[in-house]
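# Residue-level structural notes
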Amino acid sequence: NGEIYNHLLLREILKKSSLVITISSTVGLEAAYYNIPSITLVKMVYSMLSSVFFIKNFHELSDTIKMCLEQEINYLDIKKFLRIIEKNSFECDVWEVYGLFAQKFHNDGFLISSKISMNELNLFFDEHKKEFELISSEFLKAIKKYKNL
């Protein structure tokens, strides 16, 4: 049943949960907003939160579950994480550009075309020059900023 992905239903599930275990989903981050610890099987961008535990193998799961259930959530971690994200973000719809690329060259993301000419690729980059210049400019700023640390 597809309803499990409904955001409102997820919120209700989280309100009744004491722990979230996810492979690689942002539901672990959402859990932190509800003061619920989470275990991830992949390091996530939000893994810096004290309420998020990463396990390397399933032998660690039992002990990590016990530790998580005793963990007190520090809401200041979430605020700090959001400040970092905001500080390092810029306005750009990368997913729209990716979707257009997938639509044009990957049959809507399902098949990879083995015949992409340089002319087609150049035309695509020219059509979306503004977006690519913004992305590259922001990445260059970030590289320069962190290079000087």
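What follows concerns the nonpolar core. Among the nonpolar cores identified, the biggest contains eight residues, and these are L29, A32, M44, Y46, L49, V52, I78 and F81. Listing elements by their share of this core, those giving two or more residues are α2 (27-33) and α4 (75-87). Counting six residues, the second largest nonpolar core, distinct from the first, contains L14, V27, A31 and I36.

Evaluated as defined, the whole model comprises eight aromatic pairs. When the ring of F105 is compared with that of F124, the centres are 5.6 Å apart and the planes differ by 75°; the resulting orientation is edge-to-face. Remark: F124 occurs in helix α6 (residues 118-127) and F105 occurs in helix α5 (residues 94-105); sequence separation between them is 19 residues. When its relative accessible area of 2% is taken as the criterion, F124 is described as buried. Here F124 and F132 contribute two aromatic rings whose centre-to-centre distance is 6.3 Å and whose plane-to-plane angle is 65°, an arrangement assigned as edge-to-face. Taking relative accessible area as the criterion, F132 reaches 27% and is therefore assigned partly exposed. The structure contains a cluster of three or more aromatic residues connected by ring pairs, namely F101, F105, F124, F125 and F132. Above the face of the F105 ring, K104 is positioned so that its terminal group lies 6.0 Å from the ring centre.

As a further point, take the pattern of salt bridges. Taken as a whole and assessed by the stated rule, the structure comprises three salt bridges. One salt bridge in this structure joins K129 and E133, with 4.0 Å as the shortest N-O distance. Of this pair, K129 and E133 both sit in helix α7 (residues 129-147), four residues apart, which is roughly one turn of that helix. On the basis of relative accessible area, K129 is assigned to the partly exposed category, the value being 47%. K141 serves as the salt-bridge partner of E138, at 3.2 Å between the closest nitrogen and oxygen. Taken as a pair, E138 and K141 lie in helix α7 at a separation of three residues, close to a single helical turn. The class for K141 is partly exposed, based on a relative accessible area of 49%.

Mean pLDDT over the protein chain works out to 85, with 89% of the residues at or above the 70 mark. Per-element mean pLDDT across the protein chain ranges from 80 in helix α1 (residues 7-15) up to 95 in strand β2 (residues 38-40).

This next bit is on the sheet that holds strand β3 (residues 52-54). Taken together, the three strands give an open sheet; going across it, the order is β1-β2-β3, and neighbouring strands pair in parallel fashion. Because the sheet does not close on itself, it has two edges, and the strands there are β1 (20-22) and β3. For this sheet, the mean inter-axis angle between neighbouring strands, taken without regard to orientation, is 20°. Judged from the three bridges that link them, β2 and β3 form a sheet pairing that is parallel.

A separate point is α5. Along its twelve residues, α5 runs 16 Å from first to last C-alpha, staying within 8% of the 16 Å computed at 1.5 Å per residue. When α5 is considered as a whole, its buried residues turn out to be V97, A102 and F105. On an axial view of α5, the arc spanned by its buried residues comes to 135°, and they lie on one face. Buried residues belonging to α5 abut α6 and α7.

What counts and what doesn't
Residues numbered from 1 in each chain as written. Predicted model: local features only at pLDDT ≥ 70, side-chain atom pairs only at ≥ 80, totals over all residues. Heavy atoms only, no water. Core = buried A, V, L, I, M, F, W, Y, C linked by side-chain atoms within 4.5 Å. Buried < 20%, exposed > 50% of the residue type's maximum accessible area, 1.4 Å probe, protein only. Helix = DSSP H or I, 4+ residues; strand = E, 2+ residues; numbered from the N terminus. Phe/Tyr/Trp six-rings, centres within 6.5 Å; stacked < 30°, edge-to-face > 60°. Lys NZ or Arg CZ within 6 Å of the ring centre and 35° of its normal. Salt bridge = Lys/Arg side-chain N within 4 Å of Asp/Glu carboxyl O. pLDDT = per-residue confidence, 0-100. Pairing = 2+ DSSP bridges. Axes fitted to C-alpha atoms, helices over the stretch in contact; angles between N-to-C directions. Expected span 1.5 Å × (residues − 1). Arc of directions from axis to C-beta. Contact = heavy atoms within 4.5 Å.

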